[in-house]
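Chain by chain, the residues:
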Amino acid sequence: MPGLTIVDPADSVDIQQAVPALAAHPGPTYLRLLRGAVPTVLDEYDYTFRLGRAAELCGGRDVLFISTGLMTVRALSAARELERDHIDAAVLHVPTIKPFDREAVVQEAAKDRLVVTLENHSVIGGLAESVASSLAFARVTAHLVPVGLPDEFLAAGALPTLHDRYSLSVAAIKDLVRREL
(Lines give C-alpha, C1' and ligand atoms only; values in the text may rest on other atoms or scores of the structure.)
Protein backbone atom coordinates (compact mmCIF):
# COMPACT_ATOMS: atom_id res chain seq x y z
CA MET A 1 0.00 0.00 0.00
CA PRO A 2 1.61 3.28 -1.03
CA GLY A 3 2.53 5.54 1.86
CA LEU A 4 1.89 2.87 4.51
CA THR A 5 4.21 3.08 7.53
CA ILE A 6 4.97 -0.27 9.20
CA VAL A 7 6.46 -0.55 12.70
CA ASP A 8 7.46 -3.83 14.38
CA PRO A 9 8.47 -2.95 17.98
CA ALA A 10 10.82 -5.06 20.06
CA ASP A 11 9.46 -4.38 23.54
CA SER A 12 7.40 -2.12 25.79
CA VAL A 13 9.88 0.76 25.40
CA ASP A 14 9.49 0.63 21.61
CA ILE A 15 5.69 0.47 21.85
CA GLN A 16 5.49 3.35 24.32
CA GLN A 17 7.59 5.59 22.05
CA ALA A 18 6.16 4.41 18.71
CA VAL A 19 2.46 4.94 19.47
CA PRO A 20 2.64 8.75 19.79
CA ALA A 21 4.98 8.95 16.79
CA LEU A 22 2.52 6.99 14.67
CA ALA A 23 -0.46 8.98 15.96
CA ALA A 24 1.26 12.20 14.86
CA HIS A 25 2.34 10.75 11.51
CA PRO A 26 0.26 11.66 8.45
CA GLY A 27 -1.04 8.78 6.39
CA PRO A 28 -1.84 5.16 7.15
CA THR A 29 0.20 3.30 9.76
CA TYR A 30 0.45 -0.27 10.99
CA LEU A 31 1.89 -1.24 14.36
CA ARG A 32 2.54 -4.95 14.86
CA LEU A 33 1.88 -5.54 18.53
CA LEU A 34 3.40 -8.32 20.59
CA ARG A 35 1.13 -10.84 22.27
CA GLY A 36 1.41 -12.12 25.82
CA ALA A 37 3.73 -10.57 28.37
CA VAL A 38 5.64 -7.81 26.58
CA PRO A 39 9.25 -7.57 27.84
CA THR A 40 11.13 -4.39 28.70
CA VAL A 41 14.64 -4.70 27.26
CA LEU A 42 15.63 -1.57 25.36
CA ASP A 43 15.75 0.53 28.56
CA GLU A 44 19.20 -1.03 29.11
CA TYR A 45 20.49 0.62 25.93
CA ASP A 46 20.81 4.23 24.86
CA TYR A 47 17.75 3.81 22.65
CA THR A 48 15.12 6.19 21.39
CA PHE A 49 12.52 5.18 18.80
CA ARG A 50 12.84 7.26 15.65
CA LEU A 51 10.36 6.58 12.88
CA GLY A 52 12.18 5.29 9.80
CA ARG A 53 15.50 4.85 11.58
CA ALA A 54 17.43 1.76 12.62
CA ALA A 55 19.41 1.81 15.87
CA GLU A 56 22.67 0.04 16.65
CA LEU A 57 22.19 -1.42 20.12
CA CYS A 58 25.64 -2.99 20.42
CA GLY A 59 28.69 -3.25 18.21
CA GLY A 60 30.61 -6.35 17.19
CA ARG A 61 33.28 -7.39 14.70
CA ASP A 62 32.29 -10.98 13.74
CA VAL A 63 28.56 -10.96 13.04
CA LEU A 64 25.86 -8.35 12.51
CA PHE A 65 22.32 -9.22 13.56
CA ILE A 66 19.79 -7.06 11.74
CA SER A 67 16.56 -7.65 13.61
CA THR A 68 13.04 -6.41 14.05
CA GLY A 69 10.24 -6.95 16.53
CA LEU A 70 10.55 -9.65 19.16
CA MET A 71 13.56 -11.05 17.30
CA THR A 72 15.62 -8.07 18.51
CA VAL A 73 15.29 -9.42 22.05
CA ARG A 74 16.53 -12.79 20.75
CA ALA A 75 19.38 -11.12 18.86
CA LEU A 76 20.54 -9.38 22.04
CA SER A 77 20.40 -12.66 23.99
CA ALA A 78 22.27 -14.54 21.26
CA ALA A 79 24.92 -11.79 21.10
CA ARG A 80 25.50 -12.02 24.87
CA GLU A 81 25.68 -15.82 24.79
CA LEU A 82 28.00 -15.91 21.76
CA GLU A 83 30.53 -13.84 23.71
CA ARG A 84 31.29 -17.03 25.68
CA ASP A 85 32.52 -18.55 22.41
CA HIS A 86 34.58 -15.43 21.66
CA ILE A 87 32.16 -14.41 18.89
CA ASP A 88 31.59 -10.68 18.86
CA ALA A 89 28.08 -9.82 17.62
CA ALA A 90 26.53 -6.47 16.78
CA VAL A 91 22.78 -5.84 16.88
CA LEU A 92 21.09 -3.37 14.54
CA HIS A 93 17.43 -3.00 15.55
CA VAL A 94 15.09 -2.05 12.69
CA PRO A 95 11.76 -1.07 14.26
CA THR A 96 10.43 0.54 11.09
CA ILE A 97 10.00 -1.84 8.18
CA LYS A 98 8.55 0.88 5.96
CA PRO A 99 10.03 3.37 5.39
CA PHE A 100 13.20 1.30 5.55
CA ASP A 101 16.51 2.73 6.78
CA ARG A 102 18.62 1.55 3.83
CA GLU A 103 21.51 3.85 4.68
CA ALA A 104 22.08 2.39 8.17
CA VAL A 105 21.74 -1.18 6.91
CA VAL A 106 24.20 -0.68 4.05
CA GLN A 107 26.68 1.16 6.28
CA GLU A 108 26.68 -1.61 8.89
CA ALA A 109 26.58 -4.56 6.46
CA ALA A 110 29.56 -3.22 4.51
CA LYS A 111 31.89 -3.91 7.47
CA ASP A 112 32.97 -7.38 6.25
CA ARG A 113 31.21 -9.63 8.74
CA LEU A 114 28.49 -12.25 8.67
CA VAL A 115 25.06 -10.58 8.35
CA VAL A 116 22.09 -12.43 9.84
CA THR A 117 18.57 -11.04 9.50
CA LEU A 118 16.12 -12.03 12.23
CA GLU A 119 12.37 -11.64 11.85
CA ASN A 120 9.19 -13.25 13.15
CA HIS A 121 7.80 -13.07 9.63
CA SER A 122 8.17 -14.83 6.32
CA VAL A 123 11.57 -14.45 4.74
CA ILE A 124 9.58 -13.51 1.61
CA GLY A 125 8.65 -9.83 1.47
CA GLY A 126 9.99 -8.80 4.86
CA LEU A 127 13.19 -7.68 6.54
CA ALA A 128 15.49 -10.19 4.81
CA GLU A 129 14.44 -9.11 1.33
CA SER A 130 14.61 -5.42 2.30
CA VAL A 131 18.18 -5.92 3.52
CA ALA A 132 19.12 -7.96 0.43
CA SER A 133 17.73 -5.39 -2.00
CA SER A 134 19.38 -2.55 -0.09
CA LEU A 135 22.75 -4.26 -0.38
CA ALA A 136 22.20 -5.16 -4.04
CA PHE A 137 21.24 -1.62 -5.06
CA ALA A 138 24.21 -0.22 -3.13
CA ARG A 139 26.49 -2.85 -4.75
CA VAL A 140 27.61 -4.07 -1.33
CA THR A 141 28.60 -7.71 -1.06
CA ALA A 142 27.89 -9.47 2.22
CA HIS A 143 27.48 -13.01 3.49
CA LEU A 144 23.75 -12.69 4.24
CA VAL A 145 21.76 -15.39 6.05
CA PRO A 146 18.03 -14.91 6.70
CA VAL A 147 16.32 -16.26 9.82
CA GLY A 148 12.55 -16.17 9.56
CA LEU A 149 9.50 -18.19 8.74
CA PRO A 150 9.36 -20.40 5.64
CA ASP A 151 6.98 -19.64 2.79
CA GLU A 152 4.47 -22.34 3.71
CA PHE A 153 1.38 -22.91 5.82
CA LEU A 154 2.62 -22.86 9.41
CA ALA A 155 1.65 -24.96 12.41
CA ALA A 156 -0.29 -23.40 15.26
CA GLY A 157 0.79 -23.53 18.87
CA ALA A 158 2.58 -21.80 21.71
CA LEU A 159 5.27 -19.33 20.64
CA PRO A 160 8.22 -21.14 22.29
CA THR A 161 7.24 -24.39 20.57
CA LEU A 162 6.81 -22.70 17.21
CA HIS A 163 10.06 -20.76 17.54
CA ASP A 164 11.93 -24.00 18.22
CA ARG A 165 10.17 -25.72 15.30
CA TYR A 166 11.03 -22.92 12.85
CA SER A 167 14.57 -22.24 14.20
CA LEU A 168 13.78 -18.80 15.64
CA SER A 169 15.01 -19.65 19.17
CA VAL A 170 18.19 -18.20 20.67
CA ALA A 171 19.79 -21.67 20.61
CA ALA A 172 19.01 -22.09 16.90
CA ILE A 173 20.37 -18.61 16.12
CA LYS A 174 23.64 -19.36 17.96
CA ASP A 175 24.00 -22.70 16.16
CA LEU A 176 23.45 -21.01 12.79
CA VAL A 177 26.10 -18.36 13.53
CA ARG A 178 28.64 -20.99 14.59
CA ARG A 179 28.00 -22.98 11.39
CA GLU A 180 28.21 -19.94 9.11
CA LEU A 181 31.40 -18.59 10.69
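See the structure printed just above.
Residues numbered from 1 in each chain as written. Predicted model: local features only at pLDDT ≥ 70, side-chain atom pairs only at ≥ 80, totals over all residues. Heavy atoms only, no water.

### Details of the pairing of strand β7 (residues 114–122)
Burial runs high along β7: eight of the nine residues are buried. Taken together, the five bridges between strand β4 (residues 63–67) and β7 define a ladder with parallel strand orientation. Looking across to β7, one finds that Val63 is bridged to Leu114. The sheet contact formed by β7 and strand β8 (residues 144–149) spans five bridges and is parallel. Across the sheet, Thr117 pairs through a bridge with Pro146, a residue of β8. As a crossover connection, the stretch from β7 through helix α4 (residues 127–137) into β8 is right-handed. (Buried < 20%, exposed > 50% of the residue type's maximum accessible area, 1.4 Å probe, protein only. Helix = DSSP H or I, 4+ residues; strand = E, 2+ residues; numbered from the N terminus. Pairing = 2+ DSSP bridges. Right-handed = clockwise from strand over helix to strand, strands pointing away.)

### Let's talk about the nonpolar core
Soluble, globular proteins show a tendency: their nonpolar side chains are buried together. Ranked by size, the top nonpolar core spans 39 residues in total, and within it Val63, Phe65, Val116, Leu118 and Val177 carry the most contacts. At the level of secondary structure, the elements contributing two or more residues to this core comprise α1 (12–24), β3 (55–58), β4, α2 (70–82), β5 (89–93), β7, β8 and α6 (170–180). The element that contributes the greatest number of residues to this core is α2, accounting for eight residues. Among all residues touching Leu118, those that are not within four sequence positions of it are Phe65, Ile66, Ser67, Thr68, Met71, Ala75, Leu127, Val147 and Ile173. Core analysis: the second largest hydrophobic core is formed by 17 residues, Leu64, Phe100, Ala109 and Leu127 among them. (Core = buried A, V, L, I, M, F, W, Y, C linked by side-chain atoms within 4.5 Å. Contact = heavy atoms within 4.5 Å.)

### Some details on the sheet that holds β5
Within a sheet, each strand pairs with its neighbour through backbone hydrogen bonds, oriented either parallel or antiparallel. A sheet is described by the order of its strands in space; here five strands give the open sequence β3-β5-β4-β7-β8, paired in mixed fashion. The sheet terminates laterally at β3 and β8, the two strands that pair on one side only. Adjacent strand axes in the sheet meet at a mean angle of 25° when their direction is disregarded. Sheet analysis places β3 next to β5, joined by three bridges and oriented antiparallel. Note that in β5 the partner of Cys58 across the bridge is Val91. Of the strands in this sheet, β3, β4, β5 and β7 touch α2, which is tilted by about 160° from β4. (Axes fitted to C-alpha atoms, helices over the stretch in contact; angles between N-to-C directions.)

### Quick word on α4
Since the α-helix advances by 3.6 residues per turn, residues separated by three or four positions end up pointing in the same direction. Taken residue by residue, α4 has Leu127, Ala128, Ser130, Val131, Ser134 and Leu135 as its buried positions. The arc that holds every buried residue of α4, seen down its axis, measures 165°, which confines them to one face. Opposite the packed face of α4, turned more than 90 degrees from it, sit the exposed residues Ala136 and Phe137. Buried-residue contacts for α4 involve β4, β6 (96–98), α3 (102–109), β7 and β8. Immediately beyond the C-terminal end of α4, within one or two residues, lies Arg139, with a positive phi of roughly 60°. (Arc of directions from axis to C-beta.)

### Overview of the pairing of β5
Most of β5 sits out of view: five of its five residues are buried. Of the two faces of β5, the one carrying Ala89, Val91 and His93 and the one carrying Ala90 and Leu92 are both buried. The pairing of β4 with β5 spans five bridges and is parallel. Of the residues in β5, the one forming a bridge with Ser67 is His93. For the handedness criterion, the β-α-β arrangement of β4, α2 and β5 is classed as right-handed.

### Thoughts on the packing of α3 against α4
Axis separation between α3 and α4 bottoms out at 9 Å; the angle between their running directions is 75°. Taken together, the axes of α3 and α4 lie roughly perpendicular to each other. Across the interface between the two elements, Arg102, Val105, Val106 and Ala109 from α3 touch Ser130, Val131, Ser133, Ser134, Leu135 and Phe137 from α4. A breakdown of the residues in the contact of α3 with α4 according to their chemical character gives six nonpolar, three polar and one charged. (Parallel < 35°, antiparallel > 145°, perpendicular 65-115°, else oblique. Nonpolar A, V, L, I, M, F, W, Y, C, P; charged D, E, K, R; others polar.)

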